[in-house]
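What follows is each chain in one-letter form.
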Number of protein chains: 4
Amino acid sequence: MRTSVGRLRLPKTKGKPMTDTPSYAFLGPVGTFCHQALSQVAPPEATIVPCAGERAAMDATRSGRTRYTVVPIENSVEGGVTATLDSLAWGKRLQIVREIVVPVSFTLAARPGVTLDDVERIGTHSHAWAQCRNWMTDTLPGAQHTPTTSTAEAARLLAEGYDGFQACLSSAIATSLYGLTTLRADVADNPGAITRFVMLSLPGHLPEPTGADKTTIQVRLPRNHAGALHQLLEQFRTRGVDLTRIESRPVAGQPGAYGFSIDLAGHVCEERVQAALVGVYRTCDDVRFLGSYPRADGRANAIEPGTSDEDFRAARAWVDALFTQG
Amino acid sequence: MRTSVGRLRLPKTKGKPMTDTPSYAFLGPVGTFCHQALSQVAPPEATIVPCAGERAAMDATRSGRTRYTVVPIENSVEGGVTATLDSLAWGKRLQIVREIVVPVSFTLAARPGVTLDDVERIGTHSHAWAQCRNWMTDTLPGAQHTPTTSTAEAARLLAEGYDGFQACLSSAIATSLYGLTTLRADVADNPGAITRFVMLSLPGHLPEPTGADKTTIQVRLPRNHAGALHQLLEQFRTRGVDLTRIESRPVAGQPGAYGFSIDLAGHVCEERVQAALVGVYRTCDDVRFLGSYPRADGRANAIEPGTSDEDFRAARAWVDALFTQG
Amino acid sequence: MRTSVGRLRLPKTKGKPMTDTPSYAFLGPVGTFCHQALSQVAPPEATIVPCAGERAAMDATRSGRTRYTVVPIENSVEGGVTATLDSLAWGKRLQIVREIVVPVSFTLAARPGVTLDDVERIGTHSHAWAQCRNWMTDTLPGAQHTPTTSTAEAARLLAEGYDGFQACLSSAIATSLYGLTTLRADVADNPGAITRFVMLSLPGHLPEPTGADKTTIQVRLPRNHAGALHQLLEQFRTRGVDLTRIESRPVAGQPGAYGFSIDLAGHVCEERVQAALVGVYRTCDDVRFLGSYPRADGRANAIEPGTSDEDFRAARAWVDALFTQG
Amino acid sequence: MRTSVGRLRLPKTKGKPMTDTPSYAFLGPVGTFCHQALSQVAPPEATIVPCAGERAAMDATRSGRTRYTVVPIENSVEGGVTATLDSLAWGKRLQIVREIVVPVSFTLAARPGVTLDDVERIGTHSHAWAQCRNWMTDTLPGAQHTPTTSTAEAARLLAEGYDGFQACLSSAIATSLYGLTTLRADVADNPGAITRFVMLSLPGHLPEPTGADKTTIQVRLPRNHAGALHQLLEQFRTRGVDLTRIESRPVAGQPGAYGFSIDLAGHVCEERVQAALVGVYRTCDDVRFLGSYPRADGRANAIEPGTSDEDFRAARAWVDALFTQG
C-alpha cells in the first residue's frame, strides 16, 4: 500500500532518496499509533514510509532512504520498547531529534451497520488486547481475541471484508483511514497512559538547547553489580546531572552483562552534561550518544547550586589562572 | 483440553483445591516453553493447570487453586517479562521458590508428510518469529508469518488440520504432544539465548540457603533521579551485597516514578542481606520481598572481606559488649 | 604540692585507691585551665590529683588511682590536643563520660603592687603566648616572653618571688590560688575561642542517652586514600549518622597510615549509631569506642527520615516476619 | 644574630629586597631543625633569615623580603604544624614549591668537658622533650627539663655560659654552630619519625611535573557533617585522584565549621587533578590552591584505568565530535 493517506504522501518510487521534501519512516502499516505520532510532527508535504518493525523503520533512515524515522520507545504501562532500544544501542548510530507523546487510548471500530451486540471476536495486536483487558471484562465479557500483526492490520482486514472478527481495537487514525464506524472511543484500562515516540535522524546536527532538554545515552557495564552501577551514577551526581529514565537491557551473548539506556536532564551543550559524559566515557566499556532534544513536557531542568554553566566556567578559569599567576 | 499430557496430569475438577499432590499453574496452553520448564521440576504425579496469561497463572496460586505457578520472568534477548514483573510487583504477594532455565531454541514442525519445500506460511507467536527472523531469512526467505496466541497454539492448530499455515515454530514438547514431525530442530538466531522461569508459591516458607542463592525484591523510588537510585545502591554496597539484575519499570499512573525489580546475590538468611534489606526498607517508599532461592547456575556468591555472617556477628557482639563492659 | 586548694582536696596518700569520694586526675599543676574545667564538674568533697601531662593524668585513672580524669581534647583555635587524642587512641582504653567547655580567656596577673608599666617580661606557656600575641602587640608591644612549663607554673613562680618576669598570663583560678593581682582580665586574641575538656573513666558504665549526645570513636585506615575514607563515611551516611568532628592523626611507625578521631551525633543506645558502628567494625582494621555522652551545647541531634529507632525496629520486624509468614 | 653561619650567609641589610641571590626565611633561630632542612636545599651563596615563628617566616616572603620560606608542616609523630597550616590557609596566599624531609633525631650536647654524669637539667623545647621522654626515662631517669623557646636557643644559652642546665637536646647543626660537644647522637623515641618541611614562594610559577608529584589544597566545609565531606571526597574519587593526607582544622570564629588541608597525589598539570579541582571549586565555599611539587619520596603516582591524561583527552575529543559529526 503506497498511496497518499490523508494529508501525508507515501513515496512513489521505492528506494529513491528524498532530497527536497522531508521523508519519514515509521512503524507501519498506515493507521498505527506510530502513524498518529508522526502526523503530529510531519509537515503536510512530507513523504511517509510505513515499515514492518521498528528496526526496519530505523534502517530506512540508516540507509538514507528517509531523512527521519518515528518509532515508539517507551510505553508508560509496558515499559521500554525492546526493539527500538536494542536497535538504538547496537545498530548503526542514529540520533534522537525530538520526542512525541501520544495517549494510549483505543477506538473499538467496526464496519458500518455493526453494533456492539454483534461483536463476538475482536481483532487487534496482543499488546493492545492486554491494555484493554479490564475494559473488555467489564463491557464485553464474552468477547474473544484474534491476534493480528498490528492494530492497523485489524482495521485493514475489517475494511477488506474479513469476517474472522466483527470489530477491531485500533487508533483513531486507522478508523478514519479505513472508513470504519466508531463503536466506542477512548477505550483504555489506564486513563493516563501514554506512549513516547522518538524522531530519529542520522547524526549530523543537534537541536538547539531550550533549557528544557533531555540527553539520551547507552552505556554498557561489564557486570551489573552494585559497585559498577553505583560508580556510573556517581559520574552524574558529582556534576549535578539528574536522570529521568534508566532501563537495563541484557547484552546479547554476554550473560550477566547489562546495557543501560539512560535519559539525562540537560543538553550536551551544557557544561555539566559534557563533564558527566567525559566521566562516563572514561570509565565505561562502551558509551553511545543518542541525542539531545527538547522534552515533550517542556519542563525546565532544575540546576543545583554549583552546576550551572557559569559555575563550570568560573571553576575552569580559576584552574587556568593557577598556571599564569601561580 | 484437560487430559493427562505425557507424564503430567491435568486437574480433573476445575476449582477443586489441591491437597495431596502438588499442583502447578503455568503459562499455557500445554506445549509452551513454560510447560517445558515446568516439566523439568514437577514430579510425575503433579497436576498441571495451563492458564491464559502470566497473571492468570499467578492468580491460580494466589486463590489457592494451585500450590505453585511457573511463569517466565526474563529472556536473555528480550529482557524482563513485563506481565510477570508487574504482577509480582503490584498483585497479591507471591514468593519465588526456584528458578528454571530453558534454552531459547525452537522446533520447526509440520504434519507428517510435509517437507520444508511445502512451507509458505509459518504459524507462531510474534516473539518467536522475532527471535528466528535471521534464520528464516537465510533458510526460508519467502516464508510468511501468521501470528498465533502462543507457539503451542500454532502446533495445536496444525494438529487439528488447520491449513492457514504449513508449519509451526514451537517447543519440542509441543511437537511431541501434538504428534507433529520435526522439520528442523534447534532453530534460533541467538544460540546461547535462554529464558528464565520462576516457580512461585504463596508466602509461607523459605527455601534453605545453599551458599549459591539469589534474593529478589521490588522497590519503588519516588523519582528515578540519580540521587535516589545512588542512595539505594549504597544500601547494598555498604554491606557488600552484589546485584545480578536490576530492571526499571514505570509505575502505573505516576509519570516519572519507577519501580525497580532487583536480584541480589545472597539469601535473606545471610546477615549482609538482612542488613541491606533493613536499610532499603527504612529509606524507600515501598519495598517488597519476593523470595530467596537457589541460583539456577549454582554459582557460589563471592563474599567480600568484612561481610560474612561471622563478621556481622562479631561486630554486633562488639557493640553489645559496650553496654556491659563499658 | 598536695594540700587542699580552694574547695577541692588533694589526696593525702599517694597511690592509695579512692573508694568513697570521687577522685579526679587532671593536667596540672593546680591553677591550670584544666583545673578550672574540673572545678565546674567535681563535687566539693572530691579529691583532685594534678599530673604532669595528659598521658600521666589518663594513666592515673587507668591504674585505678583516680576514678576520673579531666584533660583537654580540642581547642577551637589550635585544634585537637595531640597527647590526649593519641593516648585515647593507643593507650589502655578509657571512656569519655562528659564534655566540659571553657572559654579561652587569660588573666594577666602580677604580685600585689605591680602595675602594667612595670611589666617587661611575661611568663607563660608557649601556647598561651601564641594565643595572646595580637593583644600583646597592641597593649604591651615591648613585652618579652619567658616560656614556662604551664600557665599555672608561671603564677606559682611569681607567687614564690621569682623575678625573671614581672607578670604572668594564666587562668583566673591560678590568680586566685596564688594570691596574685589581676592586671587585666579576659585577655584573648579570639574572643569566641573555647577549649573542650573531656572527663574520662575506665570502661564500665555508659551515661544515659539524653537526645543530645555525642559518640566518640577512633578508627584506623590502612592508607588515607580517597576510597577508604569515602567508604568509611558511607557507613555513617547510609544510616543517617552525622559527624561533628573528624581529625586525622599519623600512625606512629606507619608512614602514610592515618588514624581518625571522630565524633558522631548520637548515642550508642540509638539504633542508627549501633548500625553504623557494626559497619565500621566490619570494614576497618581497627576501631575503638571511646564513649557516648551528653553534648556540652545541649543541641538535640537532627534525625533524618528513615533513621529513627522506630524506623530501624520496624524494618527489622519486617525482615524477621519474612521467616515466619514467608 | 645576623652573621654568616657555616656556609650560609645572613642578610646584611634588613629589609633590603633580594634580587640576585636566593634568600630564605626560616623558623629560627639558627641551629633549628628547620635550619637543617634549609641547608639541604639552599645553594651556598643563599642568604638566610631566621624568624621567630612560622608565621613570621612566611610573612617575610609575603612581604618580598625573602624569595623563599622554609617551615615545618607535619611531624610524623605530632601531626600537622598548626601555625604553618593556618597561615597557609588564611594568610596571603603562598605556594609550596618543594618538600623536604628531615629525620626526628636529636643530639644531646654540652659544653666541652661536661659528661653524661654531670647532667641534672636539660634545656630544650617542650616538643623535643616530649619526643625523647622514653629515652630520658631509660638513660637519664633523674634529669629535669627546662623549657626554652626553641632547641637551638638551648644550645645558644649553653654556648653563652648559661648554667640553668648542663646539656641541651638540639639539632646536629646547632651543636656544630655553637661549638658544643656531642654527648649522645641520634636520641629519639621513635626511630623512623620524620618531620616534613615545605619550601614556599609567592604564587607565580609552578614546578614542572615529574610524574611523582603532590598537590596541596585548602578547603572549607560549611559544617563538617558526613554528607559534605563525603561529597568532597567523591569529587576526587570520580576522577581517580588519591589523597595522601587530610587534616581537619577548626575555623576561627565558626564553631562546628572545619577547614581541610589536603594533599592529592598528582600535579595540577594533570587532567584528572584539574577536573577534580574544578569540581571542588564548584561545590565548596572556599578552596585555595597551595602548590604542585615533587614528592620527597619520589614515588610515582598510580594511575587508575580511565584516569590518565590520554583518557581525559580522548573523552573530551569524543564529546567535541558530537557537535560536528552529530
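Note that this is a predicted model, so its numbers are computed, not measured. (Residues numbered from 1 in each chain as written. Chains lettered and ligands numbered in written order. Predicted model: local features only at pLDDT ≥ 70, side-chain atom pairs only at ≥ 80, totals over all residues.)

J.: Before we go on, may I ask you to explain the overall build of chain A in this structure?
T.: Along chain A, the regular secondary structure elements total 10 helices and 15 strands. Considering only C-alpha atoms, chain A reaches an extent of 85 × 45 × 40 Å along its principal axes. Looking at chain A as a whole, 53% of its 326 residues are labelled buried. In chain A, once contacts between residues fewer than 6 apart in sequence are set aside, the share between residues at least 24 apart is 76%. (Helix = DSSP H or I, 4+ residues; strand = E, 2+ residues; numbered from the N terminus. Buried ≥ 20, exposed ≤ 12 C-beta atoms within 10 Å, placed from the backbone. Contact = placed C-beta atoms within 7 Å.)

J.: Is there a simple way to explain the interface of chain D and chain A in this structure?
T.: Interfaces are often sized by the amount of accessible area the parts lose when they come together. Opposite the 30 residues of chain D that make contact, chain A presents 30 residues. Counting residues per element, the ones that place at least two in the side of chain D that touches chain A are helix 8 (226–237), helix 9 (271–283) and helix 10 (309–324) of chain D. For the side of chain D that touches chain A, the element with the highest residue contribution is helix 10 of chain D, accounting for 8 residues. Across the side of chain D that touches chain A, the residue classes break down as 14 nonpolar, 12 polar and 4 charged. (Nonpolar A, V, L, I, M, F, W, Y, C, P; charged D, E, K, R; others polar.)

J.: How do you make sense of the relation of the copies chain D and chain A when you look at a structure like this?
T.: For these two chain copies, the linking operation is a rotation about an axis paired with a shift along it. Here chain D sits on chain A after a turn of 180 degrees about the axis and a move of 0.0 Å along it, with an RMSD of 0.1 Å. Here the symmetry operator amounts to a two-fold rotation axis. When the interface residues of chain D are mapped onto chain A, 100% of them again fall at the interface, so both copies present the same face. (Least-squares fit on C-alpha atoms with pLDDT ≥ 70 in both.)

J.: Would you take a moment to explain the relation of the copies chain B and chain A for this structure?
T.: Screw-axis analysis of chain B against chain A gives a translation of 0.1 Å along the axis, an RMSD of 0.1 Å, and a rotation angle of 180 degrees. In this assembly the copies share their binding face: 100% of the residues contributing to the interface of chain B also contribute to that of chain A.

J.: Explain the UniProt feature "site: Essential for prephenate dehydratase activity" (unreviewed entry) in chain A here, please?
T.: Mapped onto this numbering, the UniProt entry annotates "site: Essential for prephenate dehydratase activity" (unreviewed entry) at Thr195(A). Tracing the chain through its elements places Thr195(A) in strand 11 (residues 194–201). (UniProt positions renumbered as here; feature names shortened; annotations may be inferred.)

J.: Explain the UniProt feature "domain: Prephenate dehydratase" (unreviewed entry) in chain A here, please?
T.: Look at the UniProt record and you will see "domain: Prephenate dehydratase" (unreviewed entry) annotated at residues 23–202 of chain A. Taken end to end, residues 23–202 of chain A is 31% helix and 34% strand, and its first and last C-alpha atoms sit 13 Å apart.

J.: Mind showing me how you'd approach the interface of chain B and chain A here?
T.: Contacts between the two partners involve 35 residues from chain B and, on the opposite side, 35 residues from chain A. Elements represented by at least two residues in the side of chain B that touches chain A include exactly helix 8 (226–237) and strand 13 (243–250) of chain B. Across the side of chain B that touches chain A, the residue classes break down as 12 nonpolar, 16 polar and 7 charged.

J.: Where do I start with the sheet that holds strand 13 (residues 243–250) of chain A in this structure?
T.: Consider a sheet: its strands pair through backbone hydrogen bonds, and that pairing is either parallel or antiparallel. Residues and elements named next belong to chain A. Pairing is antiparallel in the open sheet, where 4 strands are placed in the order 13-14-12-15. Where the open sheet ends on each side, the last strands, each with one partner, are strand 13 and strand 15 (286–294). Across this sheet, the average inter-strand angle for adjacent strands is 15 degrees, counted without regard to direction. With 7 bridges joining them, strand 13 and strand 14 (residues 258–265) adopt antiparallel strand pairing. Looking across to strand 14, one finds that Pro250 is bridged to Tyr258. (Pairing = 2+ DSSP bridges. Axes fitted to C-alpha atoms, helices over the stretch in contact; angles between N-to-C directions.)

J.: Got a minute to help me understand the environment of His125(C) in this structure?
T.: Residues and elements named next belong to chain C. Along the chain, His125 falls in the loop between strand 7 (121–124) and helix 4 (126–131). C-beta crowding within 10 Å serves as the criterion here: with 24 such atoms nearby, His125 is assigned to the buried category. A sequence separation of 37 residues divides His125 from Tyr162, and the C-alpha atoms of the two residues are 16 Å apart. The residues touching His125, leaving out its near neighbours within four places in the chain, are Pro147, Thr148, Ser150 and Thr151.

J.: Honestly, the sheet that holds strand 10 (residues 181–187) of chain A in this entry has me stumped. Any pointers?
T.: Residues and elements named next belong to chain A. Read from one edge to the other, the open sheet built from 5 strands follows the order 8-7-9-6-10, with strand pairing classed as mixed. Lying at the two open borders of the sheet, with one neighbouring strand each, are strand 8 (144–147) and strand 10. Averaged over neighbouring strand pairs, the angle between their axes works out to 25 degrees when direction is ignored. Bridge count between strand 6 (residues 106–110) and strand 10: 4 bridges; the pairing is antiparallel. Directly across from Ala109, in strand 10, lies its bridge partner Thr182. Against the sheet, helix 6 (residues 151–159) touches strand 6, strand 7 (121–124) and strand 9 (167–170), its axis set at about 150 degrees to strand 9.

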